[in-house]
Each structure stands twice: as structure tokens, then as C-alpha cells.
Amino acid sequence: MKKVSSLLLIFLGLMALSAAAQNGSIRGKVFDNTGEPLPFANVIIDRINKGTACDLDGIFEMKDVPPGTYQLKITFVGYRPKILDGVVVNGNQI
């Protein structure tokens, strides 16, 4: 009986690890109305308290995002915040 419960515990632990490994990523570029990149703009998902900043070219990547549909909030000094609804994240995908 002890062996069965130990095996079950190990199996459940492996399942939890594999579920955690199935998070995805969001990658994009933030630019203004003229097409110029906005370096260091902030990209935030409030629902899961996660965010990142763009690089010098306005490019960002937010890793380890659980699968789901999210609302992104993009902020940059001197601009009104931009909200993007319906951003879908699938496991193991960008």
C-alpha cells in the first residue's frame, strides 16, 4: 500500500510540473500613430499582476503567461493608456 501511495504522489507531482510548463508568451511591438516605436513603454496584464517594458525598438515579450484570454494595458509617458482586449495565450506558444 505504501508503494502505491508513493507512486501516486510522484505521479501527481509530475502532472503539476507538466501543467506549469504549458504557459505561453506574448510578444509584440508598441508604436505611435506615425509608426515610430515607443521604447520603454509598459505592457501590463492586471488580472494576473504581470508586466514588462519594451526595448529600444518598442519590442516586448512577456513570458510564462498562463493560457487564457487577457486584456493588455499599454502605457507610455505623455500618451493615453491603450487597452487591447481579447489577447489569447495558448500553452507553449508565443
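What you see is a predicted model, and the numbers here were worked out from it, not measured in a lab. (Residues numbered from 1 in each chain as written. Predicted model: local features only at pLDDT ≥ 70, side-chain atom pairs only at ≥ 80, totals over all residues. Heavy atoms only, no water.)

**Quick look at the overall build of the protein**
The condition is simple: For helices the rule is a DSSP run of H or I covering at least 4 residues; for strands it is a run of E covering at least 2, with both sets numbered from the N terminus onward. Think of it in three bands: residues with accessible area under 20% of the maximum for their type are buried, residues over 50% are exposed, and the middle band is partly exposed, with areas taken using a 1.4 Å probe on protein chains only. Contact between two residues is taken to exist if any of their heavy atoms lie within 4.5 Å; hydrogens are not considered. For the accessible areas, the method is Shrake-Rupley and the probe is 1.4 Å, while residue cover comes only from the protein chains on display.
Check the secondary structure of the protein and you find one helix and six strands. Scanning the protein from its N terminus toward the C terminus, one meets helices and strands in the order α-β-β-β-β-β-β. Burial statistics for the protein: of 94 residues in total, 21% are counted as buried. Within the protein, contacts between residues at least 6 apart in sequence are counted, and of these 48% link residues at least 24 apart. Counting only carbon and sulfur atoms, one obtains 59% of the accessible surface of the protein, whose full area is about 6,900 Å².

**A closer look at the confidence of the model for the protein**
Quick reminder of the rule: Values of pLDDT, the confidence the predictor places in each residue, fall between 0 and 100.
The share of residues in the protein with pLDDT of 70 or more is 78%, and the mean pLDDT across the chain is 86. For residues 4-17, every residue scores under 50 in pLDDT, and the model assigns this stretch zero contacts once sequence neighbours within four places are set aside.

**Some points on the nonpolar core**
When a protein is soluble and globular, its nonpolar side chains tend to lie buried together. Note the following rule: Joining through side-chain atoms within 4.5 Å is the link that ties buried Ala, Val, Leu, Ile, Met, Phe, Trp, Tyr and Cys residues into a set, and such a set is a nonpolar core.
Ranked by size, the top nonpolar core spans 15 residues in total, and within it I26, V30, V43, I45 and V65 carry the most contacts. What I26 contacts, discounting residues up to four positions off in sequence, is I45, F60, E61, M62, V65, L72, V87 and V89.

**Some thoughts on the pattern of salt bridges**
Formally: Whenever a carboxyl oxygen of Asp or Glu lies within 4 Å of a side-chain nitrogen of Lys or Arg, that contact is scored as a salt bridge.
All chains considered together, the criterion is met by one salt bridge. R27 is the partner of E61 in a salt bridge, and the nearest nitrogen-oxygen pair spans 3.4 Å. Taken together, the residues E61 in strand β4 (residues 59-65) and R27 in strand β1 (residues 24-29) connect sequence positions 34 residues apart. Looking at E61, the relative accessible area reads 27%, which means it is partly exposed.

**Some words on the side chain of D32**
What counts here: His residues and chain termini do not enter the charge count, which takes Lys and Arg as positive and Asp and Glu as negative.
With respect to the helices, strands and loops of the structure, D32 is situated in the loop between β1 and β2 (42-45). Here D32 sits buried without a salt bridge, and the closest side chain of opposite charge, K29, lies 9.8 Å off (N-O distance).

**Digging into the side chain of N23**
The test is simple: What qualifies as a polar contact is a pair of N or O atoms within 3.5 Å, subject to a donor-acceptor requirement within protein and to the restriction that residues adjacent in sequence count only when both atoms come from side chains.
Checked against the element boundaries, N23 lands in the loop between α1 (2-20) and β1. A polar contact of 2.6 Å, which involves the side chain of N23, links it to the side chain of D64. Dropping the residues within four chain positions of it, N23 is found in contact with D64, V65, P66, P67, G91 and N92.

**A word on the sheet that holds strand β5 (residues 68-75)**
To summarise the sheet geometry, strands pair through backbone hydrogen bonds and adopt either a parallel or an antiparallel arrangement. Rules: When DSSP finds at least two bridges between two strands, those strands are taken to pair. Helix axes use the C-alpha atoms of the stretch in contact, all axes being lines fitted to C-alpha atoms, and the angles between their N-to-C directions lie in the range 0 to 180 degrees.
Strand order in the open sheet formed by four strands is β3-β2-β5-β6, with antiparallel pairing between adjacent strands. A strand with exactly one partner marks an edge of an open sheet, and here the two such strands are β3 (50-53) and β6 (82-89). Each strand of the sheet is rotated relative to its neighbour by a mean of 25°, with strand direction disregarded. Bridge analysis of β2 against β3 gives four bridges, and the strand direction is antiparallel.

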